[in-house]
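# Topology and contacts: notes
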Amino acid sequence: MNSDNWEGNWPKQQSQARKTVRRNNKKTEKSGLKLSKPSRGSTPRERTLRRLESNERERMRMHSLNDAFQSLREVIPHVSKKRQLSKIETLTLAKNYIVALTDAICAMRTEEKTMDQQHEVLESQESSNNMNICLNMNIPIPSKSCS
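The name an unreviewed UniProt entry assigns to the protein is Protein dimmed, from the organism Dufourea novaeangliae.

## Here's the deal with the overall build of the protein
If you tally the helices and strands in the protein, you get 3 helices and 0 strands. Out of the 147 residues in the protein, the part that is buried amounts to 6%. Long-range contacts, defined here as pairs at least 24 residues apart, represent 3% of the contacts in the protein between residues at least 6 apart. Carbon and sulfur atoms form 56% of the exposed surface of the protein, whose accessible area is close to 13,500 Å².

## A closer look at the pattern of salt bridges
Applying the stated rule across the entire model yields 3 salt bridges. The shortest N-O distance in the salt bridge between arginine 61 and glutamate 58 comes to 2.8 Å. Linking arginine 61 with glutamate 58, this pair stays in helix α2 (residues 44-75), spanning 3 residues, or about one helical turn. Of the residues examined, arginine 61 reaches a relative accessible area of 45% and is grouped as partly exposed. Residues glutamate 89 and arginine 83 are paired through a salt bridge, measuring 2.8 Å at the closest nitrogen-oxygen approach.

## Comments concerning the environment of isoleucine 76
Tracing the chain through its elements places isoleucine 76 in the loop between α2 and α3 (87-137). Setting aside residues no more than four positions away along its own chain, isoleucine 76 makes contact with Thr90, Leu93 and Ala94.

## Quick notes on the side chain of threonine 90
With respect to the helices and strands, the residue threonine 90 is situated in helix α3. When near neighbours in sequence (up to four residues on either side) are disregarded, threonine 90 contacts Phe69, Leu72, Arg73, Ile76 and Leu85.

About the cut-offs
- Residues numbered from 1 in each chain as written.
- Predicted model: local features only at pLDDT ≥ 70, side-chain atom pairs only at ≥ 80, totals over all residues.
- Heavy atoms only, no water.
- Helix = DSSP H or I, 4+ residues; strand = E, 2+ residues; numbered from the N terminus.
- Buried < 20%, exposed > 50% of the residue type's maximum accessible area, 1.4 Å probe, protein only.
- Contact = heavy atoms within 4.5 Å.
- Areas by Shrake-Rupley, 256 points an atom, 1.4 Å probe, with all protein chains shown as cover.
- Salt bridge = Lys/Arg side-chain N within 4 Å of Asp/Glu carboxyl O.

Given below as structure tokens:
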């Protein structure tokens, strides 16, 4: 099939397809049948029941979310206890509190590493002093693996 022939047939094929769809739509309209799958709960009562169930689920979700915020408010330290913190204030304070605790832990680890390094330096100095003493006294030097 060459490209000229293909381009020439395309509009004809499209128009035939449209005619077929229109014909099928007219048949289903006359017979009262639908080609697409029927929607769930097509009666007004079923739609109302579904909406009420959905509203109840959303209400329960919001209650659960509000309970979680209240639990978070009780754990976060803050100055003013006169009024309840808003949701955004609660989240901001929680974030800042977590950052502050993280910084404190990092600072403690840094101090710990510094102390460990200082301790290692002192140990190595002590070890070299002991080695010098042992060499001066002709005492065998104990190996590190045995201690």
